[in-house]
Amino acid sequence: MQLQICTTIAALFISFICILLLIINTEDIKGTVQLLYGIVLDAGSSHTSMFIYNWPADKQNCTGIVSQHSGFHAKGLPELGISNGEDLKETLTNCTEPLKAIDQFQMENGILLPTLQSALPFLDLHGTPRLEFHQSVFDELREKLMERVATIAEGKDEDRYIKLEELLEKSFPLVKMPSIQPIVMQVLKHLPKVPEKKLKQVMADKELYKVCAVEVKRQIWQDNQALFGDEVSPLLKQYIVEKEAALFSSDLSILHNFFSPSPKTRRQGEVVLKLTQMIGKNVKLYDMVLQFLRTLFLRTRNVHYCTLRAELLMSLHDLDVSEICSVDPCHKFSWCLDACIREKFVDAKRARELQGFLDGVKKGQEQVLGDLSMILCDPFACNTLVLSTVRNLQELLSQDALPRDSPDLLLLLRMLSLGQGAWDMIDSQVFKEPRMDLEVVTRFLPAVMSIVVDDYTFTVEQKLPSEEKTSLTYPTTLPETFSRYIQENRVACEIGLYYVLHIAKQRNKNALQRLLPALVDTYNDMAFGDIFLHLLTGHLTLLSDEFGSEEFCTAVFDNFLLTSFSSKENVHRHCLRLLNHLQQKVLASYMETVMKTLEPPKQSSESVKEVYTLLKEKLEASKKSPPEQEEAPSLDLGLHPVTVPSTPTTPL
C-alpha cells in the first residue's frame, strides 16, 4: 500500500513538470503560427527554474514584444531521482527537431494511460486547454493522496507512523513546491512526533512555518518559548482591549452590562478559542501560557488576566481535555466556582465544596494558593462573591443574627480576601492565605447592617398615615466605622461599593446621596476603578428622572465623580458616557455648567474628545429641534354607545 502511494506521488511529480509544456498543442504550432514560443532554463546550484515565453510572430518596426507565458520552479526533484530542468535543457539543446522533442517529452511524462492519447483531440475540439485538463487531474490526485494519508494516520496499524515517516522523507524535498506542499503538510500534521531535523527546517523558513498546521507548530513551540510568546502576545493584548472596550461601552444598562454574558458565552470569544486550539493537549504549552499570564498580571496589575486564566482552564474542561485538567490542581475548584458565577450566587452546598478545596491544600503544596488567588481575583468571581455577601447580610437581618454567626458569610470573606491578595502573594512568592481582619466581621459589617436598618426604618415611616408619623428625618451622616474601613480595608471597600450598587438598583435616592460623598476616599481609589464606574453608571440610569433635580446632580457629579475627573481620565470618560445617555434628563442649567467643566484639555486622549464631541452634537441638535411633549393618551376606546334597558331582561 505504501509503495502504491509513493509511486503515485512520483507520477504526480513527473506529471507536473510537463503541465506547462502540455498546454502547447504542437499541431497548432506546425500550422499558421500567430505566436512564437521560447523556453528559458535557469539552472542554479539549488534548483532549476523553467520559463516559457511567447511573442507575436508579426513584428512591428522589426521588433517583437516578449511576455512570460508560464513558469515552473523545480526544487528537490533530483533528490527523488525524477527528471528536472537540467534533463529538459539537455534534450532541447541537443535535438535537431524541437517540435518532435516536445512531442516525445509529452508522451514520456504525460499521463501513462494508452486510451487517453486518442481522447485528447476531443479536448482541442471543445476548446479546453490542456493545462486545464492536466491541472484538474493533478488536483484530484492531490486530494486523494491527502485523504489516504489521513486514513493511514487514523488507522490502527502499529507501524502507521513508521509509514508516515518514510513518506515524509521521500516527499519533504518538494515541500517548497506550492502544488505538492499540501501533501507534505498533511503528513507532518499527522505525525505525533516530527523528526527534529524537519522541525528545525520548518521553523527556519518563515513561509513554511506560516502554512504548517497548528499540530506541527505545537511541537516547535514546546521547545521554543520565545517563539510561542511571540504568537500568544498579540492574542493577550487583543483580549485586554476587548475587555476595556466593554467597560467603556456606550450602551448603559443594568440588564446588559459587563457581567451579563454567561461563562459559557465568554468562553466562545475569539481569543479563548484560539489559545485553546494552540495549546491542544500539550501540558507544557498550557504551563507556558499560565506563566505569561502571571507575569503580565504582576507587571500591570490588570485583573482581566485573572479572568483569562480561569476561562482558559474551563474552556479546556468543556472540551474534556483530561490531559491538562487532571494535572491542574485548580480544576475542580474552578469548575465549582464557575457554576456559582453562572448563577451569580454561592449557595450553601457549593460553599461547602469550595471550603473543602481550600482546606484540602496540603503542606508542601501551598504554591497552588497562588493560582487559586488568581482565579478568585477574576472580576466575575469577585462580583459573585460580593453579591452573595450582600444577600447574606440581608438574610441575617431578617433572622436577627450577627455576621459572625454565619459560616457561609465567613467563607465568602475568606475567598474575597484570598482573591484581593493575589498580586501580593504572587509578587512576594509567599504562598500563605492572608489573615482576615476580624473587625471587618465584628464592626464593619454591623455598620453596614445599621445603614440598611436606617433605610428600612425611614421607608416604613414614609408609608405610615400622617397621624402616625413621627418627626424622624433621614440621616445624612454615616457611621464612622463604615467610612474608616472602606478607606483602610480592601475587602470592606469592595463590600461597601457593592452596597452602593444595591441601593442604586433599589432606586433609593436618599441613601445614594448619603453614601456617594464617602466614596471619594476609598482603599486604593477602588471607587474610581473602571469596573465599579461601569456598573454605577448603568445603575444610575434607573434614577434618570432624578437628574432633573440640581440636588441629585450635585450629589452624583460634584460630590463624587467630578472630584477626580481631572486627574483620572477614565473617570472623565465615564462621566461623559453617563451624560450622553441622560442628556435629555439632566437639568438644562446644570448641563451647561458641567459641559464647561468636562471640556477635554489638549492633552486628552482621542477617545475622550470623541465622546465629548458626540455629546456636544447631541445637545446642539436638541436645541434646534426640542423633543416633542408626549400627549396624554386618549381615553376614547372607540366603542359604540349601547342602550341600557330600563327594566331587567332576565329574571332575578
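Residues numbered from 1 in each chain as written. Predicted model: local features only at pLDDT ≥ 70, side-chain atom pairs only at ≥ 80, totals over all residues. Heavy atoms only, no water.

K.L.:
A description of the pattern of salt bridges should follow, citing residues and the corresponding values.
P.N.:
A complete count under the given rule lists 28 salt bridges for this structure. Between aspartate 157 and lysine 163 there is a salt bridge; the shortest N-O distance is 3.8 Å. Assessed through its relative accessible area of 40%, aspartate 157 is described here as partly exposed. For lysine 163, a relative accessible area of 16% corresponds to the buried category. In this structure, lysine 284 engages aspartate 223 in a salt bridge whose closest nitrogen and oxygen atoms are separated by 3.4 Å. Highlighted residues: lysine 284 in helix 16 (residues 283-300) and aspartate 223 in the loop between helix 12 (214-221) and helix 13 (225-247), separated in sequence by 61 residues. The structure contains a network of salt bridges with shared partners spanning Lys264, Arg267, Asp318 and Asp338. (Salt bridge = Lys/Arg side-chain N within 4 Å of Asp/Glu carboxyl O. Buried < 20%, exposed > 50% of the residue type's maximum accessible area, 1.4 Å probe, protein only. Helix = DSSP H or I, 4+ residues; strand = E, 2+ residues; numbered from the N terminus.)

K.L.:
So what's going on with the nonpolar core? Residues and values would help.
P.N.:
Formed by 165 residues in total, the largest nonpolar core has its most connected members in Phe444, Phe532, Phe547 and Phe560. Sort the elements by how many residues they give to this core and helix 27 (residues 490-505) lands first, with 11 residues. Contact partners of phenylalanine 532, with chain neighbours within four places excluded, come to Leu497, Val500, Leu501, Leu519, Met526, Ala527 and Phe560. (Core = buried A, V, L, I, M, F, W, Y, C linked by side-chain atoms within 4.5 Å. Contact = heavy atoms within 4.5 Å.)

K.L.:
Pulling in residues and values, what's your account of the environment of alanine 348?
P.N.:
Tracing the chain through its elements places alanine 348 in helix 20 (residues 348-359). For alanine 348, a relative accessible area of 35% gives the class partly exposed. When the C-alpha atoms of alanine 348 and aspartate 408 are compared, they prove to be 6.8 Å apart, with 60 residues separating the residues in sequence.

K.L.:
Talk me through the packing of aromatic side chains; I want residue IDs and the actual numbers.
P.N.:
Under the definition given, this model contains 13 aromatic pairs. Arranged with centres 6.1 Å apart and planes meeting at 35°, the rings of phenylalanine 228 and phenylalanine 292 form a pair that is tilted. Taken together, the residues phenylalanine 228 in helix 13 and phenylalanine 292 in helix 16 connect sequence positions 64 residues apart. Each of the two residues, phenylalanine 228 as well as phenylalanine 292, counts as buried. Between phenylalanine 444 and phenylalanine 482, the aromatic rings sit 5.6 Å apart at their centres with planes inclined by 20°, giving stacked as the arrangement. Taken as a pair, phenylalanine 444 in helix 25 (residues 438-463) and phenylalanine 482 in helix 26 (residues 480-488) lie far apart in primary sequence, 38 residues in all. You'll find phenylalanine 444 and phenylalanine 482 in the same group, each marked buried. The ring of tyrosine 209 carries lysine 217 above its face, with NZ or CZ at 5.1 Å from the centroid. The side chain of arginine 266 reaches across the aromatic face of phenylalanine 380, ending 3.7 Å from its centre. (Phe/Tyr/Trp six-rings, centres within 6.5 Å; stacked < 30°, edge-to-face > 60°. Lys NZ or Arg CZ within 6 Å of the ring centre and 35° of its normal.)

K.L.:
Now, about unusual backbone geometry: what can you tell me, with residues and values included?
P.N.:
Excluding glycine, residues mostly have negative phi values, and the peptide bonds linking residues are mostly trans. At arginine 301, a position not held by glycine, the phi torsion is positive, near 60°. Looking at the secondary structure, you find arginine 301 in the loop between helix 16 and helix 17 (304-318). Its identity as a non-glycine residue notwithstanding, asparagine 524 has a phi of 55°, on the positive side. Along the chain, the position of asparagine 524 falls in the loop between helix 28 (509-515) and helix 29 (530-540).

K.L.:
Give me the packing of helix 16 against helix 21 (residues 368-377): which residues, what numbers.
P.N.:
The geometry of helix 16 relative to helix 21 is characterised by a closest axis approach of 12 Å and an angle of 65° between their N-to-C directions. Considered as vectors, helix 16 and helix 21 are oriented roughly perpendicular to each other. Of the two possible hands of crossing, helix 16 and helix 21 adopt the one that is left-handed. For the pair formed by helix 16 and helix 21, the contact residues are Leu293, Arg294 and Phe297 on the first element and Asp371, Met374 and Cys377 on the second. Its residues assigned to classes, the contact of helix 16 with helix 21 shows four nonpolar, no polar and two charged. (Axes fitted to C-alpha atoms, helices over the stretch in contact; angles between N-to-C directions. Parallel < 35°, antiparallel > 145°, perpendicular 65-115°, else oblique. Left-handed = near helix turned anticlockwise from the far one by under 90°. Nonpolar A, V, L, I, M, F, W, Y, C, P; charged D, E, K, R; others polar.)

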